[in-house]
Amino acid sequence: MKKIITGYLHASLILKITIALILGIIAGFLLGDNASVLAPFGDLLLRLLTFLIIPLILFTLIVGVNQTNISNLGRMGTKVFVYYTFSSAIAIGVGLAVASLFRPGTGMELTGNETFDVPENPGIVKVLLNIVPSNIVTAFSEMNLLGIIFTALAFGIAISAMRSIPKLNEHGEMLLKLFNALNEASMIILKAILQYVPIGVFAIMANTVGSQGIKTLVSLSGLIGVFYIALLAHIVLYILFMLLFGVNPLHFFKYARTPMLTAFVTQSSAGTLPLTLNAANHMGVSKSLYSFSLPLGATVNMDGAAIRIAVSTVFAANVTGHPLSLTDMLMVVLIGTLASIGTAGVPGAGIVMIATVFVQLGLPMEAVALLTSIDALIGMGATALNITGDLVGTRVIDQHEKGRQRKSLGHPL
């Protein structure tokens, strides 16, 4: 038994997750609805990862801010916002192009019996206001990532200012050392949690496959297939984007694959955040950048969800017998990009965005109800692409920033 435990602890994490993923699929098919007995083990993984989100964002970002000057932080922040906005718009374009080519839903008819209550979309104004929390404790308890980022930035900048003031320098350095120590403690806890990830992945995958079943998979296999083709097409664009800026895709995916697989299984961009931050750290990305860009991306950058919006919209239009016009497609890009901003990175959030777009285009809510039957199967791929997009943008911006620094110092690029 001791040898088995030792072997497990020293085995490659990606190998353990991959095996857990495969075994989970097999167990799901064999157990069917009975796989729900494994659900608590999956819930425990999500709780453990969520438990670390606040300390990692808070401590990592405070330390990161103090590793760069404010002007650099502002410049990097602008690049992050521009990338996230255009990345989501391009993702919707890719989804529309692929879906228009394969035309999912053609020949199908809605029964008209399904009903669906459209969840409330918070809207961009409310999202922007939520950046500044009225109560720090509430921001933490409600897992308001934008509010937590604002809090960390505010205290990080304040500590940086204290370190530059002679009378307060000693206190500033003392606080920085404290947050450095807390950040290291968080990383040690993360390493321990990583050992449980494969077990949680197995349980979540088995429960997901068991609850969905073959019937659902077969009935909407066309839509699911088109969606995953669009995801692969967008990953190809990521690779080309990285090559354009001199980033080695093989080196990138070596570290990105663990959070990608975990996001695929858990369907939670926010829940996967500890692993995403860890991956960026191992890639050698500047802490001052990834401590800000990745938590922000988990909230506002939804490339996978954007593709989901596009494919679902084309599907619904084809089912109703009224394919989208060019004007409709442009509306999908605009509305979809705006709808994706601020949507929480948790399971089921994609349905909110889809319903928002459908309302604007006058598409039937019955189609949304139909799409909820494959919410888990679609949400898995969408979430994996969401965090991949966050990491790609962060890695490319980091590469560009380092190249800029070398150039300013007179070093060859």
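Everything quoted here is computed from the prediction, not taken from an experiment.

## Notes on the overall build of the protein chain
For the protein chain, the count of helices and strands is 18 helices and 0 strands. Burial statistics for the protein chain: of 413 residues in total, 52% are counted as buried. Looking at the protein chain alone, contacts between residues at least 24 apart form 84% of all its contacts between residues at least 6 apart. For the protein chain, the accessible surface area stands at approximately 18,700 Å², while carbon and sulfur atoms represent 68% of it.

## A look at the pattern of salt bridges
Any two side chains of opposite charge can pair, so long as their charged atoms come close to each other. According to the stated counting rule, one finds 5 salt bridges in the structure shown. Of the charged contacts in the structure, one is a salt bridge between Glu 401 and Arg 75, with a shortest N-O distance of 2.7 Å. In this pair, Glu 401 sits in helix α18 (residues 375-408) while Arg 75 sits in helix α4 (residues 70-102), placing the two residues 326 residues apart along the sequence. Judged by relative accessible area, Glu 401 falls into the buried class, the value being 3%. Take Arg 75: its relative accessible area is 21%, and that puts it in the partly exposed class. Put simply, Lys 402 and Asp 398 hold a salt bridge, and the shortest N to O gap is 3.0 Å. Here the residue Lys 402 and the residue Asp 398 both occupy positions in helix α18, the gap between them amounting to 4 residues, near one helical turn. For Asp 398, a relative accessible area of 2% puts it in the buried group.

## Some details on the nonpolar core
Note that soluble globular proteins tend to have their nonpolar side chains buried in a common cluster. Core analysis: the biggest nonpolar cluster contains 110 residues, and Val 201, Leu 296, Ile 307, Val 311, Phe 358 and Leu 391 have the highest contact counts within it. By residue number, the principal contributor to this core is helix α3 (residues 39-65), which donates 13 residues. Not counting the four nearest positions on each side in its chain, Val 201 is found in contact with Ile 17, Ala 20, Leu 21, Leu 45 and Val 265. Listed in part, the 5 residues of the second largest apolar core include Ala 27, Ala 35, Leu 38 and Ala 203.

## Let's talk about the packing of helix α10 (residues 221-244) against helix α14 (residues 303-319)
Two numbers describe how α10 lies on α14: the axes approach to 10 Å, and their chain directions differ by 140 degrees. Viewed along their axes, α10 and α14 adopt a mutual orientation that is oblique. For the pair α10 and α14, the sense of crossing is right-handed. Along the contact surface, α10 presents Leu 223, Val 226, Phe 227, Ala 230, Leu 231, His 234 and Tyr 238, while α14 presents Asp 303, Gly 304, Ile 307, Arg 308, Val 311 and Phe 315.

## A look at the packing of aromatic side chains
Applying the stated rule across the entire model yields 6 aromatic pairs. Seen from their ring centres, Phe 59 and Phe 179 are 5.9 Å apart, and the 40 degrees between their planes marks the pair as tilted. Pair noted here: Phe 59 is in helix α3 and Phe 179 is in helix α8 (residues 169-194), with a separation of 120 residues, a long-range link. By the burial criterion, Phe 59 is buried, and Phe 179 matches it. Seen from their ring centres, Tyr 83 and Phe 241 are 5.9 Å apart, and the 15 degrees between their planes marks the pair as stacked. Of this pair, Tyr 83 sits in helix α4 while Phe 241 sits in helix α10, placing them 158 residues apart in sequence.

## Some words on helix α12 (residues 273-283)
Since the α-helix advances by 3.6 residues per turn, residues separated by three or four positions end up pointing in the same direction. The buried count for α12 comes to 9 of 11 residues, which makes it a mostly enclosed element. Buried within α12 are the following residues: Leu 273, Pro 274, Leu 275, Thr 276, Leu 277, Asn 278, Ala 279, Ala 280 and Met 283. Just downstream of α12, Gly 284 is the residue with a positive phi angle, here 90 degrees.

## What about a nonpolar patch on the surface?
A contiguous nonpolar surface patch, about 660 Å² in accessible area, is contributed by Leu 15, Ile 19, Ile 22, Leu 23, Ile 26, Leu 30 and Leu 31. Following the sequence through the fold, Leu 31 ends up in helix α2 (residues 13-31). Judged by its relative accessible area of 37%, Leu 31 falls in the partly exposed class.

## Some thoughts on the packing of α2 against helix α11 (residues 249-266)
One way to put it is that α2 packs onto α11 with a least axis distance of 10 Å and a crossing angle of 25 degrees. Comparing their axes, α11 and α2 come out roughly parallel. The crossing of α2 and α11 is left-handed. The segment α2 lies against α11, with Leu 13, Ile 14, Ile 17, Thr 18 and Leu 21 engaging Arg 257, Thr 258, Leu 261, Thr 262, Phe 264 and Val 265. Across the contact of α2 with α11, the residue classes tally to 7 nonpolar, 3 polar and 1 charged.

## Thoughts on the side chain of Asn 386
Locating Asn 386 in the fold gives a position in helix α18. Among the polar contacts made by the side chain of Asn 386, one reaches the main-chain amide nitrogen of Gly 304 at a distance of 2.7 Å. Residues in contact with Asn 386, not counting those within four places in the same chain, are Ser 269, Asn 301, Met 302, Asp 303, Gly 304 and Ala 305.

## Quick notes on helix α13 (residues 287-300)
Taking 1.5 Å per residue, 14 residues should reach 20 Å; α13 reaches 20 Å between its end C-alpha atoms and fits that length. Burial runs high along α13: 14 of the 14 residues are buried.

## Notes on the environment of Ile 335
When you line up the elements, Ile 335 lands in helix α15 (residues 326-340). With 26 residues separating them in the primary sequence, Ile 335 and Leu 361 have C-alpha atoms 9.5 Å apart.

## Describing the side chain of Ser 288
Within the secondary structure layout, Ser 288 lies in helix α13. Judged by its relative accessible area of 2%, Ser 288 is buried. Engagement of the side chain of Ser 288 in a polar contact is seen with the side chain of Ser 286, the distance being 2.8 Å. Discounting chain neighbours no more than four positions away, the residues touching Ser 288 are Gly 64, Gln 67, Thr 68, Leu 73 and Met 76.

Thresholds, definitions, all that
Numbering of residues starts from 1 in each chain and follows the order in which that chain's sequence is written. Local features in this predicted model are restricted to residues of pLDDT 70 or higher, and side-chain atom pairs are both shown and tallied only at a pLDDT of 80 or more, whereas totals for entire chains, interfaces and linings draw on every residue. Side-chain metrics in this entry use all non-hydrogen atoms of the structure; hydrogen atoms and water are not considered. Put simply, DSSP marks the helices as runs of H or I at least four residues long and the strands as runs of E at least two long, and each gets a number from the N terminus on. Type-normalised accessible area, obtained with a 1.4 Å probe on protein chains alone, sets the label of each residue: buried when under 20%, exposed when over 50%, and partly exposed for intermediate values. We call two residues in contact whenever any of their non-hydrogen atoms come within 4.5 Å of each other. Calculation of accessible area relied on Shrake-Rupley with a 1.4 Å probe; when residues are assessed, cover is drawn exclusively from the protein chains displayed. Throughout this description, the term salt bridge denotes a Lys or Arg side-chain nitrogen within 4 Å of a carboxyl oxygen of Asp or Glu. Among buried residues, those of type Ala, Val, Leu, Ile, Met, Phe, Trp, Tyr and Cys that are joined through side-chain atoms within 4.5 Å constitute a nonpolar core. Axis definition: a line fitted to C-alpha atoms, over the contacting stretch in the case of helices. Angles run 0 to 180 degrees between N-to-C directions. Each angle gets one of four labels, with under 35 degrees taken as roughly parallel, over 145 as roughly antiparallel, 65 to 115 as roughly perpendicular, and the rest as oblique. By definition, any crossing whose near helix is turned counterclockwise from its far helix by less than a right angle is left-handed, and any crossing with a clockwise turn is right-handed. Side-chain rings of Phe, Tyr and Trp (the six-membered ring for Trp) are treated as a pair once their centres are within 6.5 Å; stacked means planes under 30 degrees apart, edge-to-face means over 60, and tilted covers the remaining angles. For patch building, the residue pool is restricted to those with more than 30% relative accessible area and no salt bridge; the joining distance is 9 Å between like charges and 5 Å between nonpolar side chains (Val, Leu, Ile, Met, Phe, Trp, Tyr). Here the term charged refers only to Asp, Glu, Lys and Arg, the term nonpolar to Ala, Val, Leu, Ile, Met, Phe, Trp, Tyr, Cys and Pro, and the term polar to all other amino acids, Gly among them. Nitrogen and oxygen atoms within 3.5 Å of one another constitute a polar contact, given that in protein one can donate a hydrogen and the other can accept it, and given that sequence-neighbouring residues count only through two side-chain atoms. A helix is expected to span 1.5 Å for every residue after the first.

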